[in-house]
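The residues making up each chain are set out below.
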Amino acid sequence: MVLITEDLIRKRAEHNNCEITTLEEISLHQTEIERIEHIDKWCRGLKILYLQCNLIQRIENVGRLKKLEYLNLALNLIERVENLEGCESLEKLDLTVNFVGELTSIDGLRDNERLRDLYLTGNPCTDYDGYREYVVATLPQLKWLDGKEIERSERILAMQEYDSLRERILHQQTKYLEKRTAEKEATQKQKERKPGFDGKWYTDMDAHLPDNDQRQFESQTGHKEGSKADDSDDDSFWHEKTSYTPESRLETYQHLSQKRKADEAPKKSSWQVPKREIRLRTEDGRVLNVNQGNC
């Protein structure tokens, strides 16, 4: 798990002489971040925040960013729109290709009076019948939705049908949330069936199974860490049928991360420089000076 640290923020603030308190724009995309934290305390002057292509599951800890105008959270694991009421300057919000299924959660964006541009393309909620009309009627301040301008006539018609639209959306949303509950339960059961599960979760990427479980697993499957069976496991992983969910995407990332670390380990060991032996005395007992000892 990658954490947002002060050191990470300063590294990404080179364009601002590594000053974070006066930072107005920062890009933290593709850094494998799983949680938004600290930014609202350290960088309150932010106007543009890029957090796309991470593993963020929830919108949080951004309410103090009063000057924030553009927030990009595309390609994450977000399931609902929340905690943005305090971003009173927000003009553009990008949630492209997330997992937002609770469409009514956009109701909280009504307080963001300056919001003009919203992207929800690639989210489950966009498949709902009446999706676009519901968003247009719910957020009258919007000018653009999913890259398409909202016409005045379109808004008038949507607002006239708002009550029936909301009822239709709630029905579809309820069915989707029931499906998500079932998916989460199935994922939980599948993890519990995996070798070595003892009721505890070993979330560290570098962690191995407990010794007893590891030996039992090896005796039952013939699999050993670092063996050729790893290739077979990799093939099995990619050929296993699974739904596209936040859990499956996170599992894919974890699988790729483990494989990358396993592939890099032999390379690192092969590049190790042998430690130089320093002699302080000759064979006949004569003491050497530092330069002679290093020769």
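Described below are features of the structure shown in this document. Predicted, not measured: the structure shown is a model, and the values here were computed from it.

**Let's talk about the environment of E79**
Working step 1: In this fold, E79 is placed in the loop between β3 (70-72) and β4 (92-94).
Working step 2: Residues E79 and F99, spaced 20 residues apart in sequence, show a C-alpha to C-alpha distance of 4.7 Å.
Working step 3: Beyond its immediate sequence surroundings of up to four residues, E79 is in contact with Q57, F99, V100, G101, E102, R180, K184 and P246.
Working step 4: Within the structure, E79 has its side chain in polar contact with the side chain of R180 (distance 2.9 Å).

**A closer look at a negative patch on the surface**
Working step 1: A contiguous patch of negative charge on the surface is contributed by E24, E25, E69 and E91.
Working step 2: Among the secondary structure elements, E69 is positioned in the loop between β2 (48-50) and β3.
Working step 3: For E69, a relative accessible area of 30% puts it in the partly exposed group.

**Considering the packing of helix α3 (residues 131-138) against helix α5 (residues 162-192)**
Working step 1: Running from N to C, α3 and α5 cross one another at 125°; their axes reach a closest spacing of 10 Å. The angle between α3 and α5 places the two elements in the oblique class. Crossing of α3 over α5 shows left-handed handedness. Residue-level inspection shows Y131, E133, Y134, A137 and T138 of α3 in contact with α5, the latter providing Y162, L165, R166 and I169.
Working step 2: Here the residues of the contact of α3 with α5 are counted per class, giving six nonpolar, one polar and two charged.

**Here we look at α5**
At 3.6 residues per turn, the α-helix brings residues three or four places apart onto the same side.
Working step 1: If you check α5, its first and last C-alpha atoms are 44 Å apart, about what 31 residues at 1.5 Å a residue would give, namely 45 Å.
Working step 2: Here α5 has its buried residues at Y162, L165, I169, Q172, Q173, Y176, R180, E183 and T187.

Criteria and thresholds
- Note on numbering: residues in each chain are counted from 1, in written sequence order.
- Selection of residues for local features in this predicted model requires a pLDDT of at least 70, selection of side-chain atom pairs for listing and counting requires 80 or more, and totals for whole chains, interfaces and linings are taken over all residues.
- Only hydrogens and water are set aside; all other atoms, that is, all heavy atoms of the structure, feed into the side-chain values.
- In DSSP terms, a helix is any run of H or I states spanning at least four residues, a strand is any run of E spanning at least two, and both are numbered starting from the N terminus.
- Note on definitions: a residue-residue contact is assigned when non-hydrogen atoms from the two residues lie within 4.5 Å.
- Think of a polar contact as two N or O atoms within 3.5 Å of one another; within protein, one of them needs to be a possible hydrogen donor and the other a possible acceptor, and neighboring residues in sequence only count if both atoms come from side chains.
- Within the patch definition used here, like charges are joined within 9 Å and nonpolar side chains (Val, Leu, Ile, Met, Phe, Trp, Tyr) within 5 Å, considering only residues with over 30% relative accessible area and no salt bridge.
- Accessible surface area values rest on a Shrake-Rupley calculation with a 1.4 Å probe, where residue burial reflects the displayed protein chains alone.
- Any carboxyl oxygen of Asp or Glu that lies within 4 Å of a side-chain nitrogen of Lys or Arg is treated as forming a salt bridge with it.
- Here the positive residues are Lys and Arg and the negative ones are Asp and Glu; neither His nor the chain ends is included.
- To locate a charge, the coordinates of NZ of Lys, CZ of Arg, CG of Asp or CD of Glu are taken.
- Categorising residues by exposure relies on relative accessible area from a 1.4 Å probe, with only protein chains included: less than 20% of the type maximum marks a residue as buried, more than 50% marks it as exposed, and the intermediate range marks it as partly exposed.
- Helix axes use the C-alpha atoms of the stretch in contact, all axes being lines fitted to C-alpha atoms, and the angles between their N-to-C directions lie in the range 0 to 180 degrees.
- Note on terminology: angles under 35 degrees are roughly parallel, angles over 145 are roughly antiparallel, angles of 65 to 115 are roughly perpendicular, and the others are oblique.
- Should the near helix be turned anticlockwise from the far one by less than a right angle, the crossing is left-handed, and should it be turned clockwise, the crossing is right-handed.
- Think of it as three bins: nonpolar holds Ala, Val, Leu, Ile, Met, Phe, Trp, Tyr, Cys and Pro, charged holds Asp, Glu, Lys and Arg, and polar takes everything else, Gly as well.
- Given the number of residues in a helix, its expected span is that number minus one, multiplied by 1.5 Å.

Read these as layout, nothing more, since geometry by itself doesn't imply function.
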